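# Structural features, examined
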Amino acid sequence: MEHLISMRDLDTRRINALIKRAGDIESGREKPDMSNRVMGALFFEPSTRTQLSFDTAMKRLGGKVITMSGTKGTSVEKGESLADTVKIINQYADIIVVRHYNEGAARYISEQVDIPVVNAGDGANQHPTQSLLDLYSIQKTQNTLNNLRIALVGDLKYGRTVHSLVYALAGYNPVFYFVAPEALAMPQYILDDLDNMGMTYEVRETLEEIIPQLDIMYVTRIQRERFADPEEYEKVKNAFIIRAAHLTEVKENFRILHPLPRVNEIHTDVDTLPGAYYFQQAGNGVYMRQAILTTLLEQL
Amino acid sequence: MDKKLKVDPIREGTVIDHIPANKALQVLSIIKAAQDDVVTVGINFASHKFGRKDIVKIEGRELSQKDINSIALIAPDATVIIIRDFQVINKYPVQIPDTLNGLARCANPRCITNHEEMMTRFRVQQKNPVRLRCHYCERVFDGDELELVTA
């Protein structure tokens, strides 16, 4: 059974196929029909955007959705094991979409059930559908994924989105700039992986000097919930705020992406610039998730 | 006299040689010597190959494959020597397998393996020094960062 758990499992051939399919679905060249299928959405951790995006994607495919959102009042709160919970959903649904606060939960679930599993975020580890919609957004705005200069800005330590994205882009010869305060720098184990893959990157604490060279600036929120110590959060939360005034000298193809929600890291005066692409990016997520759900459900 | 061993030879049992200096006590905790086992531990011996090394001798016991895999985590250069009637019967380097199942706990407290009743799985990324990736949370650890499963 094929699942979507980690970008580490996908090669460029499969990534390109999903991007092409998302494009075909968006343009109407392909109209998949999943009207006899049920998606089980298990959101152990709260989410608005990802959950609604999957919900919309499945409904646009004609399918049905059953949802568990949070664990309050559920069998999980009564002490049921994760394995038991998902084996029950296995009886109801044709595909499981799961977000869980523990890293590795989606992989474990995929080993417990005999239907496809999509990882919609496992703790600080992976969020592959976000990466794929990011890749789709990059492809749409740049007409290529190859040889791009991409700055990742903000929380690179806890941000699973950026972790997934660097692996996703590994096969496309990017130059990365990792721009973060020291306390939120890209983890060493990921830099080690990039070194082993022979990838080019620069670790920086400032952004201004590189803006004119960039094709993509990918900004992430500094997440309060990832800090055990609120003082630490207060110290770094305003470290990088992007304003229109920073973006006067940019390339024509330059785009800003953000997985959303934003708090204040992109000022609203950026929203009207031609480079602001984060709202369209969220829209692209529905097409990409339609492509993912269709591809995985076709196995059944 | 130069060649004289600092510890007495054993009649039957296992010698674990070429343990990195000051790791012998960790090896001892892996092999879990019983109360009446006779164990000799040498720490910081001179070594041609490594400068300094530790050595552990355990009488009357041959180690299981699980013990040897665990030793390889912290002492990837170790040599296991099986002794019978004072003779070396077998001598081989420890070798870490490509995957380790149920041998060690994941050091990531948020890993699902620390929250569910399940077996841990690691893939060996690098054999010496040992680096392992958790199959579930995908984090990479040094061999000696992991706590061994004792049950």
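For clarity, every value in this text was computed on a predicted model and none was experimentally measured.

What follows concerns the overall build of chain B. Helices and strands together make up the secondary structure of chain B, namely two helices and 11 strands. The globule rule puts the C-alpha radius of gyration for 151 residues at 15 Å, and the 16 Å found for chain B is close to it. Referenced to the eigenvectors of the C-alpha coordinate spread, the extents of chain B come out at roughly 55 × 30 × 20 Å. Look at the contacts in chain B between residues 6 or more apart in sequence, and 56% of them connect residues 24 or more apart. Element-wise, carbon and sulfur atoms account for 48% of the exposed surface of chain B, whose accessible area totals about 8500 Å². In chain B, 22 side chains carry a positive charge and 20 a negative one; their mean positions are 4 Å apart.

Attention shifts here to the nonpolar core. Residues and elements named next belong to chain A. Counting residues in hydrophobic clusters, the biggest one holds 58 residues, and the most contacted among them are Leu132, Leu135, Leu152, Phe178, Met288 and Leu293. A total of seven residues in this core trace back to one element, the largest contributor, which is helix α9 (residues 278–297). Each of domain 1 (7–126 + 285–297) and domain 2 (128–282) accounts for three or more of the residues forming this core. With residues near it in sequence (within four places) discarded, Leu135 still touches Met7, Ile15, Ile19, Leu145, Leu165, Ala168 and Leu169. In terms of nonpolar packing, the next biggest core, distinct from the first, is built from 56 residues, Met68, Ala83, Val113 and Val117 among them.

Summed over all chains, the structure comprises four aromatic pairs over all chains. Measuring from centroid to centroid gives 6.3 Å for Tyr108 of chain A and Tyr136 of chain B, while their planes differ by 75 degrees, and the two rings are edge-to-face. Residue Tyr108 of chain A is found in helix α4 (residues 105–110), and its partner Tyr136 of chain B is found in the loop between β9 (130–134) and β10 (140–142); the two belong to separate chains. Comparing Tyr108 of chain A with Tyr136 of chain B, the two get one shared label, buried. Ring centres of Phe178 of chain A and Tyr201 of chain A lie 5.7 Å apart, and the angle between their planes is 35 degrees; this geometry places the pair in the tilted category. Taken together, the residues span a long stretch of sequence, with Phe178 of chain A in strand β6 (residues 175–179) and Tyr201 of chain A in strand β7 (residues 200–204) at a distance of 23 residues. Judged by its relative accessible area of 1%, Phe178 of chain A falls in the buried class. We classify Tyr201 of chain A as partly exposed; its relative accessible area is 24%. Grouped by ring-pair contacts, the aromatic residues Phe176, Phe178 and Tyr201 of chain A constitute a single cluster. Seen from the ring of Tyr167 of chain A, Arg8 of chain A lies directly overhead, with NZ or CZ sitting 4.4 Å from the centre. The positively charged end of Arg289 of chain A is found above the aromatic ring belonging to Phe54 of chain A, 4.8 Å away from the centroid.

Glancing now at the sheet that holds strand β3 (residues 51–59) of chain B. Adjacent strands of a sheet form backbone hydrogen bonds with each other and so pair up, either parallel or antiparallel. All names here are of chain B. Read across the open sheet, the five strands follow the order β2-β3-β1-β4-β5; overall the sheet is antiparallel. In this open sheet, the two edge strands, each paired with only one partner strand, are β2 (39–47) and β5 (87–93). Neighbour-to-neighbour, the strand axes of this sheet turn through a mean angle of 20 degrees, independent of strand direction. Pairing of β2 with β3 involves seven bridges; the strand directions are antiparallel. Bridging from a neighbouring strand, Val41 pairs with Val56 of β3. Packing against the sheet, helix α1 (residues 24–31) makes contact with β1 (13–20), β2 and β3, and its axis sits at approximately 25 degrees to β3.

Our focus in this paragraph is the pattern of salt bridges. Taken as a whole, this structure holds 30 salt bridges over all chains when the rule is applied. Put simply, Arg37 of chain A and Asp94 of chain A hold a salt bridge, and the shortest N to O gap is 3.7 Å. In this pair, Arg37 of chain A is assigned in the loop between α1 (12–27) and β1 (38–43) and Asp94 of chain A in the loop between α3 (82–92) and β3 (95–100), connecting sequence segments 57 residues apart. Residue Arg37 of chain A shares its accessibility class with Asp94 of chain A, and that shared class is buried. The salt bridge involving Asp193 of chain A is made with Arg133 of chain B; its shortest N-O contact spans 3.1 Å.

Let us look at α1 of chain A. Residue and element names in this part refer to chain A. The end-to-end C-alpha separation of α1 is 22 Å, in line with the 22 Å expected for 16 residues at 1.5 Å each. For α1, every residue scored as buried is listed here: Ile15, Leu18, Ile19, Arg21, Ala22, Gly23, Asp24 and Ile25. Positive phi shows up at Gly28, right after α1, with a value of about 90 degrees.

Residue and element names in this part refer to chain A. Taken domain by domain, chain A holds domain 1 (7–126 + 285–297) and domain 2 (128–282). Its C-alpha centre places domain 1 at a distance of 25 Å from the equivalent point of domain 2. Opposite the 29 residues of domain 1 that make contact, domain 2 presents 26 residues. Both faces combined, the contact of domain 1 with domain 2 buries some 2200 Å², and carbon together with sulfur accounts for 60% of it. The largest contributions to the domain 1 side of the interface with domain 2 come from Met7, Ile19 and Arg49, which together make up 26% of the buried area. Remark: the boundary between domain 1 and domain 2 carries three salt bridges. Two residues, Glu45 and Arg160, come together in a salt bridge whose shortest N-O distance is 3.8 Å.

About the criteria used
Residues numbered from 1 in each chain as written. Chains lettered and ligands numbered in written order. Predicted model: local features only at pLDDT ≥ 70, side-chain atom pairs only at ≥ 80, totals over all residues. Heavy atoms only, no water. Helix = DSSP H or I, 4+ residues; strand = E, 2+ residues; numbered from the N terminus. Rg over C-alpha atoms; globule rule 2.2 N^0.38 Å. Contact = heavy atoms within 4.5 Å. Areas by Shrake-Rupley, 256 points an atom, 1.4 Å probe, with all protein chains shown as cover. Lys, Arg positive; Asp, Glu negative; His and termini not counted. Charge placed at Lys NZ, Arg CZ, Asp CG, Glu CD. Core = buried A, V, L, I, M, F, W, Y, C linked by side-chain atoms within 4.5 Å. Buried < 20%, exposed > 50% of the residue type's maximum accessible area, 1.4 Å probe, protein only. Domains from an automatic or database assignment. Phe/Tyr/Trp six-rings, centres within 6.5 Å; stacked < 30°, edge-to-face > 60°. Lys NZ or Arg CZ within 6 Å of the ring centre and 35° of its normal. Pairing = 2+ DSSP bridges. Axes fitted to C-alpha atoms, helices over the stretch in contact; angles between N-to-C directions. Salt bridge = Lys/Arg side-chain N within 4 Å of Asp/Glu carboxyl O. Expected span 1.5 Å × (residues − 1). Buried area = accessible area lost by both parts, 1.4 Å probe.

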